[in-house]
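Coordinate analysis (summary)
Given next are the chains, with one letter for each unit.
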Amino acid sequence: MLNVQYRMHAAIMEWSSKTLYDGRLRAHESCQSRSLEQVLGRDGLEARGREVEAASAAADSKPDKAKRKPEKKNRGAAGAARAAKVSAAPPAAPGLSLASCPCLSPSTALLLIDTAGCEMEEAATADQGSKSNAREAEVAMTHVRRLHAMGLGLDQIGIITPYAAQVSLLRDLRRALFGEQAALEVSTVDGFQGREKEAIVISAVRSNDKRSVGFLNDARRMNVAVTRARCHCALVGDSETLKTDPFLNKLVEYFEQEGEQESACLLVDA
C-alpha cells in the first residue's frame with residue numbers, strides 16, 4: 001500500500017487514515033493544503049463573488065415593469081460583455097449571499113451541514129427498497145449553488161448519496177436548477193468509485209425517530225464518498241441519527257472538530 005497520497009487536502013485524508021489505515025497515510029506537500037482558493041485563485045474568487053452579489057442585488061431592486069426604463073439598444077461591445085458576464089452568474093440560493101455564510105470560506109476543507117432539529121425526515125419508497133429525503137436534497141443543492149457562486153464549475157462538483165431514490169430526487173433538482181445538460185454529477189457511492197471532484201457534497205439521507213442508519217455505516221462506502229473530494233467535502237445529515245452508530249459517530253465528530261459546521265435550518269425557507 002502507498003503511504004503518500006497526492007490528491008486531497010490533508011484534513012479530508014486524515015479521517016480515512018486514522019479510521020481505516022491506522023494513521024499510515026500521509027498527504028504530499030503538493031496537496032496537503034489544497035483549497036478552493038488555490039484551485040480558482042483569489043482574484044477569480046473575489047471577482048465571481050462580486051458578480052453574484054451584483055446580480056442578486058439587481059434582482060432585488062428591479063423596478064416594476066411599468067416603471068422600468070427601456071434598455072438602450074446600442075450598448076457597445078464593452079457593455080454587452082459586462083451584461084453577458086452578469087447574466088452568466090448562477091442564481092443565488094434563496095435568502096443567501098456569500099457574505100451571509102461565514103462558515104464557508106475558500107479555505108474550508110470540511111463542512112458539516114446538520115439537519116438535526118430541522119424536520120427533515122427520510123421517506124421510504126413504495127416498495128421499501130430505497131430511502132429519500134426531499135428537504136435534505138434541497139439543502140445539498142443549495143450548497144452546490146453556493147460553491148458554484150464562489151466560482152467552481154458544475155463539472156468540478158459532485159453529489160454522492162447512498163440511496164438510489166435520493167439520486168433520483170437530486171437529479172430532478174439539478175434539471176430544474178441548471179438544465180438538462182448540466183455537468184453537475186449526482187451518483188451513488190459505487191458510481192463515484194475511482195474518480196474525484198474538487199468539491200463533494202454527501203447527502204446522508206437517514207433521519208428517523210428510531211435512529212436507524214441502515215447500510216450507511218458501511219466503512220468502505222463512506223470512505224469512498226469522503227475521499228472523492230480533493231479540496232472540499234460537505235456532509236449533509238442528521239447528527240442525532242448518525243451519532244447513534246459508533247462508526248458514523250466518529251465521522252460526525254471528526255467533521256465537528258476539524259472542520260466547520262452550520263445548521264441546515266439556515267439554508268431553507270429563508
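Everything below is about the structure shown above.
What counts, and where the lines are drawn
- Residues numbered from 1 in each chain as written.
- Predicted model: local features only at pLDDT ≥ 70, side-chain atom pairs only at ≥ 80, totals over all residues.
- Heavy atoms only, no water.
- Disulfide = S-S within 2.5 Å.
- Helix = DSSP H or I, 4+ residues; strand = E, 2+ residues; numbered from the N terminus.
- Buried < 20%, exposed > 50% of the residue type's maximum accessible area, 1.4 Å probe, protein only.
- Pairing = 2+ DSSP bridges.
- Salt bridge = Lys/Arg side-chain N within 4 Å of Asp/Glu carboxyl O.

Topic: the state of the cysteines
Summed over all chains, the structure comprises one disulfide. Between the sulfur of C118 and that of C265 lies a disulfide, 2.1 Å long from S to S. An S-S torsion of about -110 degrees defines the bridge between C118 and C265 as left-handed. Here C265 lies in the segment after β10 (260-263) and C118 lies in the loop between β3 (110-114) and β4 (123-124), a separation of 147 residues in the sequence. On the basis of relative accessibility, which here comes to 35%, the residue C265 falls in the partly exposed class.

Overview of the pairing of strand β9 (residues 229-237)
Within β9, eight of the nine residues are buried, leaving the element largely enclosed by the surrounding structure. When β3 meets β9, the two strands line up parallel, connected through five bridges. When the sheet's bridge partners are listed, L110 is paired in β9 with C233. Where strand β8 (residues 197-203) meets β9, six bridges bridge the pair, whose relative direction is parallel. Following the sheet pairing, I202 is matched in β9 by L235.

Some remarks on the pattern of salt bridges
Evaluated as defined, the whole model comprises 14 salt bridges. For the salt bridge of E262 with R146, the shortest nitrogen-to-oxygen distance reads 2.4 Å. Taken as a pair, E262 in strand β10 and R146 in helix α5 (residues 134-150) lie far apart in primary sequence, 116 residues in all. Accessibility classification places E262 together with R146 in one group, the buried group. Between D172 and R175 there is a salt bridge, with the nearest N and O atoms lying 2.9 Å from each other. In this pair, D172 and R175 both sit in helix α6 (residues 164-178), three residues apart, roughly one turn of the helix. Among the ionic contacts, a cluster of salt bridges with common partners joins D190, D218, R220 and R221.

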